[in-house]
Amino acid sequence: MNYQPIIQHLTTCGYAVSAIEFCLLPAIKVECEISGYEVSLIHIKVDELKEMPSFVLQKPEAFPRLAHTLSLDKWGVASICVNVPDSVSINYEVPELAFEESLKRHITLLNQCLSDQEWNKKELLREFLAGWYQIREQEYADFLCLSDAGHFELIDVFPPKKKKNKYGLDSYHFGVPKDYNQNSDYSLINNQIKGRGIPTGTGCIVPLQSLIPAPWRKRDLSDWYIKILDFIDPSIRDKLTHTFGQSRDHSFWIIFNAVTDSGKTWFGLHFVLKKDIKGKKNFPLNNKNLEFWDIKAMDIRLFNKERIIPRSGADISLQNKKVLLVGCGSVGSQIANQLASTGIGHLTLVDPDSLSLDNLYRHSLPTSYVNWPKTFGLIIELQNKYPWLDTDQKFCGLLDLRDESLLNSFDLVIIAIGSPSQERIFHDFCIKNEIETAVINTWVEGYGIGGHATLDIPECLGCLRCAYVNSLDFSRGLASNLNFLKSDQSLTKNMAGCGNAFLPYSNLTAIQTALIASGLASKFLLGEITQSSKVSWKGSPTDVINNGFELTDRYQAFTKPLEILPLLNSGCDICNA
């Protein structure tokens, strides 16, 4: 990229600009005065402008500690964060304008930091972790803390299961509270802990009453630690002395937390007795004892439901909801995954069948579960993905669930078996026995034409039978009036005789149907839907027409795909009795 027009343009804007060599690399330097300080900003030349041009601050030690800057000690400069580079659309066709805009942002930020000390301090605390990441040791980049609270408590520290493995939870240190217990027959977290043997270290969680900005450089860490001791509550400091004062361990871990404007901030320190030190040394709670210890900064990642679930886009309020999912085939398996991802706390899976190779391309389970019960395979996969999901399974069919106490113990029942006769029989049982639990029925139609879901809320107008009212004579029909394919058509295919008959539809079709059913479920459980409802998605008629099948009048007239509509049908003899 030609920098001469850029230098000329910035010069005409009033900047003192020169071409230089910085660390053997071609660069430009911009010199200016900001809030009484002589400032030099350096930009390393690039071949192509792909993002907002960046500048570094030369000789940062000549200034007070500045927010939004990170020390690059090796080169004697500090980076300056004025924006997320990829988030800004730049004028790469006229680069001189991009450089002018970038300089304005850098100078504006530095001016605010230097002229407003109170703002600068607040920003340093708000971005505490950005500074902490700069000084942390890479070997502790992945330390998971399983605490749910943040108050003072003792922890066991488990090293990574496989030191050479850089991927998955096996690569993390685990900080586990002494009294930690997750009640589950199969628990991803418990399995991780048990698989690591005995802990190799001990430590504690220490809340801070206040916080100071993170150290500027690694060499400042010891002095910073001595200052931070003043922000520990005296009673907790006494606990530290009492707990570790007589310990003969050569290693201690402290996980701190403090409240900032960005929320509760967590970070940690690892103390290791220096190799040339003989005998027992007291835990370092003052300068005198600290000289015997090496101190290293750790990046702490909280691994608890209160942090992970909402941060991942799920809803923590759904943790107390119990859902019974009947049918774990192509649609049901996708519903299971989608429900778990919303934050559902308890999911009971029901299906009498095993995974078949024939359904491999439209089922969520991999080949390793072929011939295994679908429910079992899904539970393993779900609990490997969602640590706080409680699961159960039943190897039976829908009509085996006709038990009042069982059904009433759930917040929602979802039926994804594609058997209208069984679903109507089950609905009759629910009506007769006044089952209090809402029911979602969902099914996919063949040849990519669409899928449907109904939500039947007890004591609300609108029920499953509303979706089976015959539109001609308002009698109870045998086929759903939501369908896009006409009834009494031979829609199934077979490749090896009648025993292998199947309804042709793709995994994408199953996913789309699962999406509308899962969306309906989550909205109901969150209280966003309070009336019985229905929703459909509508696909292309190409395959239907090419195979010689007929479409219903509803398909031709349907104009509200994915829209949640009232389920009530004025011709339903149950709802209008």
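Refer to the structure printed above.
Quick caveat, the model's predicted, so the values are computed rather than measured.

Caption draft 1: Seen up close, the overall build of the protein. On a plain count of helices and strands, the protein comes out with 16 helices and 22 strands. Counting every position in the protein, which comprises 577 residues, the buried fraction comes to 50%. Contacts in the protein between residues far apart in sequence, at least 24 positions, make up 68% of those at least 6 positions apart. Entry remark: accessible area of the protein is about 28,700 Å², with carbon and sulfur atoms responsible for 49%.

Caption draft 2: Molecular detail of a negative patch on the surface. On the surface, Asp403, Glu404, Glu434, Glu436 and Glu459 cluster together to form a negatively charged patch. By secondary structure assignment, the location of aspartate 403 is in the loop between β17 (390-394) and α12 (404-407).

Caption draft 3: Seen up close, the pairing of strand β18 (residues 412-415). Of the two faces of β18, the one lined by Leu412 and Ile414 and the one lined by Val413 and Ile415 are each fully buried. In the sheet, strand β15 (residues 322-326) pairs with β18 via four bridges, with the strands oriented parallel. The residue bridging valine 323 from the neighbouring strand is leucine 412, located in β18. Two elements, β18 and strand β19 (residues 438-445), share four bridges in a ladder whose sense is parallel.

Caption draft 4: Seen up close, the sheet that holds strand β10 (residues 201-207). A sheet is described by the order of its strands in space; here eight strands give the open sequence β13-β12-β11-β10-β8-β9-β7-β14, paired in mixed fashion. The open sheet terminates on both sides in strands that have one partner only, identified here as β13 (293-298) and β14 (300-302). Ignoring strand direction, the axes of neighbouring strands in this sheet form an average angle of 30°. Sheet strands touched by helix α6 (residues 221-228): β11 (251-260), β12 (263-273) and β13. Its angle to β13, the strand with the most contacts, is close to 85°.

Caption draft 5: Expanded view of empty space enclosed by the protein. Evaluation of the coordinates by the stated rule reveals one cavity of 30 Å³ or more. Empty space within the largest cavity amounts to approximately 50 Å³. Lining the largest cavity are Arg65, Thr69, Leu70, Leu124, Glu127, Phe128, Gly131 and Ala214. Of all the secondary-structure elements, those providing two or more residues to the lining of the largest cavity are β5 (69-72) and α4 (128-135). Per-class residue counts for the lining of the largest cavity are four nonpolar, two polar and two charged.

Caption draft 6: Summary view of the pattern of salt bridges. Summed over the entire model, instances satisfying the criterion amount to 12 salt bridges. Between glutamate 123 and arginine 126 there is a salt bridge, with the nearest N and O atoms lying 2.8 Å from each other. Here arginine 126 and glutamate 123 lie together in helix α3 (residues 117-126), a separation of three residues that amounts to about one turn. Its salt-bridge partner being aspartate 156, residue lysine 178 comes within 2.6 Å of it at the nearest N-O pair. Taken together, the positions of lysine 178 in the loop between β9 (173-177) and α5 (188-194) and aspartate 156 in strand β8 (residues 153-158) put the pair 22 residues apart, joining distant regions of the chain. We classify aspartate 156 as buried; its relative accessible area is 16%. Taken together, the shared-partner salt bridges connect Arg136, Asp299 and Arg301 into one network.

Caption draft 7: Inspection of the nonpolar core at higher detail. Ile335, Leu347, Leu349, Leu412, Ile414 and Leu455 are the most contacted members of the largest nonpolar core, which has 44 residues in total. The greatest single-element share of this core, amounting to eight residues, is contributed by helix α14 (residues 507-525). Formed by 34 residues, the second largest nonpolar core is a distinct cluster that contains Ile212, Phe244, Leu269 and Phe283.

Caption draft 8: Representation of α6 within the structure. Taken as a whole, α6 has its buried residues at Leu221, Trp224, Tyr225 and Ile228. Projected down its long axis, α6 carries its buried residues within an arc of 100°, all on one side. Residues of α6 that are exposed and point more than 90 degrees away from the buried face comprise Asp223 and Lys227. Those residues of α6 hidden inside the fold are in contact with α4, β11, β12, α8 (287-290) and β13.

Caption draft 9: Expanded view of the sheet that holds strand β1 (residues 16-22). Pairing in this open sheet of six strands is antiparallel, and the strands run β1-β2-β3-β4-β6-β5 from one edge to the other. Only two strands of the sheet have a single neighbouring strand rather than two, namely β1 and β5. Neighbour to neighbour, the strand axes of the sheet diverge by 35° on average, direction disregarded. Across eight bridges, strand β2 (residues 25-34) lies against strand β3 (residues 37-44) in antiparallel orientation. Residue pairing in the sheet places cysteine 32 in a bridge with valine 39 of β3.

Caption draft 10: Quick peek at α4. If you check which residues of α4 are buried, you get Phe128, Gly131, Trp132 and Ile135. Angularly, the buried residues of α4 cover 100° about the axis, an arc narrow enough to put them on a single face. Those residues of α4 that are buried lie in contact with β5, α3, α6, β12 and β13.

The rules we used
Residues numbered from 1 in each chain as written. Predicted model: local features only at pLDDT ≥ 70, side-chain atom pairs only at ≥ 80, totals over all residues. Heavy atoms only, no water. Helix = DSSP H or I, 4+ residues; strand = E, 2+ residues; numbered from the N terminus. Buried < 20%, exposed > 50% of the residue type's maximum accessible area, 1.4 Å probe, protein only. Contact = heavy atoms within 4.5 Å. Areas by Shrake-Rupley, 256 points an atom, 1.4 Å probe, with all protein chains shown as cover. Patch = residues over 30% accessible without salt bridge, like charges linked within 9 Å, V, L, I, M, F, W, Y side chains within 5 Å. Salt bridge = Lys/Arg side-chain N within 4 Å of Asp/Glu carboxyl O. Lys, Arg positive; Asp, Glu negative; His and termini not counted. Charge placed at Lys NZ, Arg CZ, Asp CG, Glu CD. Pairing = 2+ DSSP bridges. Axes fitted to C-alpha atoms, helices over the stretch in contact; angles between N-to-C directions. 1 Å grid on protein atoms, 1.4 Å probe; cavity = no way out; pocket = protein on both sides within 12 Å on 5 of 7 lines; lining within 4 Å. Points joined across faces, edges and corners; volume = space filled by probe spheres on them. Nonpolar A, V, L, I, M, F, W, Y, C, P; charged D, E, K, R; others polar. Core = buried A, V, L, I, M, F, W, Y, C linked by side-chain atoms within 4.5 Å. Arc of directions from axis to C-beta.

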